[in-house]
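# Architecture and fold: a report
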Amino acid sequence: MFQFDSRCFTLNCLEREIQPWIDSLRSGDPRALARAISTVENRASGWSDLLKALFPHTGKAQIIGLTGAPGAGKSTLVDQLARVYRKQNRTVGIVAVDPTSLYIGGAILGDRIRMQDHFADTGIYIRSMATRGSLGGLARTTADVTTVLDASGRDVVLIETVGVGQDEVDIVRLANITVVILVPGMGDDVQTIKAGIMEIADIFVINKSDREGAERVEREIRALQSLAVRNDGWTPPIVKTVASEGKGVEELGAAVADYENYLQKENRALKKSVENWQERLVEMLRDAMLEKARAHLGDGSVARLAAEVAEHKRDPYSLIEEIAGKRS
Ligand SMILES: Nc1nc2c(ncn2[C@@H]2O[C@H](COP(=O)(O)OP(=O)(O)OP(=O)(O)O)[C@@H](O)[C@H]2O)c(=O)[nH]1
Ligand SMILES: [Mg+2]
């Protein structure tokens, strides 16, 4: 139904094809939305034209990234937070990113169960990104999927990601608001949490506060905060939650709203967005150049060149200059 016509080569023709799709997507049709997300995620034919056409409709959603150690209760919290927003009549899109195949089984199962829970509610759309796209990094694909959700008119987009690697830092960076979830007594004391993740927190959540040690985690966060004051002057609040019982979730919603208000002042939201785009544009450029170079080199030639360098038949520096077109 929404397939691109492969005979469509002109811009006018593409626009004619894309427009009805975008119209149904923006009117809230979940099938049009699912189709658009798959197209973008799989880099299927027409993906970039679709994103180009969607971009003018973006920038309205509140994008909230939630990250934390495996099993910290991220999905449970996301689910509860989605309920809070639904009570406020705001529509929600959820993107659950699974960075390693190790978590895929559990996460997908968990998401299915939750999906059933929200089944009757078209105000919640859940997407589990189980694959690491071969074209473009995980962060890039997540950003593009978020763009689709934003353009579809979702008021809030919640992105869940395990805070373990650089990819995850990149993913949460694309959010307007970053929530870092810690838990007491899991061996992941504040010190052992990746420093990069701690720095990007706009709000801290201590989930599983029904367990012993929540105060200790709070003290550790406070101690860290006293060492490094953020240059925007915001002190990330600490919210204690028991996600499995829905406790503290309203408070988390309020903390998010506080930060939203803070961002609205003194052009901070725009400043943050410019910073984010700076990162994203560089990444998009890197992807595009790499793709161009690969297409130019053809299949298998990177392996052949690697062999030549390894055997010292040629030096890698001139080789790259040659490929990058600095010298010909
Ligand atoms: N005691 C307690 N258990 C909780 C709380 N929140 C979540 N859990 C439980 O912790 C387990 C993991 O929760 P998830 O929400 O799947 O955690 P996650 O961080 O999304 O996990 P991954 O996506 O696999 O990294 C589940 O069994 C939840 O029921 C809480 O506040 N207290
Ligand atoms: Mg999860």
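A brief structural summary. (Residues numbered from 1 in each chain as written. Chains lettered and ligands numbered in written order. Predicted model: local features only at pLDDT ≥ 70, side-chain atom pairs only at ≥ 80, totals over all residues. Heavy atoms only, no water.)

What follows is about the packing of helix 2 (residues 30-41) against helix 3 (residues 47-54). Where helix 2 meets helix 3, the closest approach of the two axes is 8 Å, and the angle between their N-to-C directions is 125°. Between helix 2 and helix 3, the crossing angle belongs to the class labelled oblique. When the axes of helix 2 and helix 3 are compared, the crossing they make is left-handed. Across from Ala36, Thr39 and Val40 in helix 2, the residues of helix 3 making contact are Trp47, Leu50 and Leu51. Looking at the contact of helix 2 with helix 3 residue by residue, the classes come out as 5 nonpolar, 1 polar and no charged. (Axes fitted to C-alpha atoms, helices over the stretch in contact; angles between N-to-C directions. Helix = DSSP H or I, 4+ residues; strand = E, 2+ residues; numbered from the N terminus. Parallel < 35°, antiparallel > 145°, perpendicular 65-115°, else oblique. Left-handed = near helix turned anticlockwise from the far one by under 90°. Contact = heavy atoms within 4.5 Å. Nonpolar A, V, L, I, M, F, W, Y, C, P; charged D, E, K, R; others polar.)

One face of the sheet, then the other: side chains in a regular strand alternate in exactly this way. Counting buried positions along strand 4 (residues 156-162) yields 7 of 7 residues, so the element is predominantly enclosed. For strand 2 (residues 92-97) and strand 4, the ladder comprises 6 bridges, and the chain directions are parallel. Bridged to Val97 within strand 4 is Thr161. (Buried < 20%, exposed > 50% of the residue type's maximum accessible area, 1.4 Å probe, protein only. Pairing = 2+ DSSP bridges.)

Another point: the pattern of salt bridges. For the structure shown, the criterion picks out 20 salt bridges. Among the ionic pairs, Asp144 bridges to Arg43, the shortest N-O distance being 2.9 Å. You can see Asp144 sitting in helix 6 (residues 138-151) and its partner Arg43 sitting in the loop between helix 2 and helix 3, a full 101 residues away along the chain. Grouping residues by exposure puts Asp144 and Arg43 together as buried. One network of salt bridges, in which partners are shared, links Arg43, Arg140, Asp144 and Asp287. (Salt bridge = Lys/Arg side-chain N within 4 Å of Asp/Glu carboxyl O.)

Relative to the helices and strands, Glu260 resides in helix 10 (residues 249-264). Residues in contact with Glu260, not counting those within four places in the same chain, are Gln62, Arg90 and Ile177.

Counting buried residues in strand 1 (residues 62-68) gives 7 out of 7 residues, a clear majority hidden from the surface. Where burial is concerned, the two faces of strand 1 agree: the one with Gln62, Ile64, Leu66 and Gly68 and the one with Ile63, Gly65 and Thr67 are both buried. Bridge analysis of strand 1 against strand 4 gives 7 bridges, and the strand direction is parallel. Counted as the bridge partner of Ile64 is Leu158 from strand 4. Relative to strand 5 (residues 177-182), strand 1 runs parallel, the two being bridged by 5 bridges. When the sheet's bridge partners are listed, Gly65 is paired in strand 5 with Thr178.

Right, let's get into the packing of aromatic side chains. According to the stated counting rule, one finds 4 aromatic pairs in the structure shown. Where Phe55 meets Trp277, the ring centres are 5.9 Å apart and the plane angle is 80°; that geometry is what we call edge-to-face. Placement of Phe55 in the loop between helix 3 and strand 1 and of Trp277 in helix 11 (residues 268-297) is noted, with a sequence separation of 222 residues between them. What makes Trp277 partly exposed here is its relative accessible area of 27%. Relative to Tyr262, the ring of Trp234 has its centre 4.8 Å away and its plane inclined at 45°; by these criteria the two rings are tilted. Note that Trp234 is positioned in the loop between helix 9 (214-227) and strand 7 (238-240) and Tyr262 in helix 10, a separation of 28 residues in sequence. (Phe/Tyr/Trp six-rings, centres within 6.5 Å; stacked < 30°, edge-to-face > 60°.)

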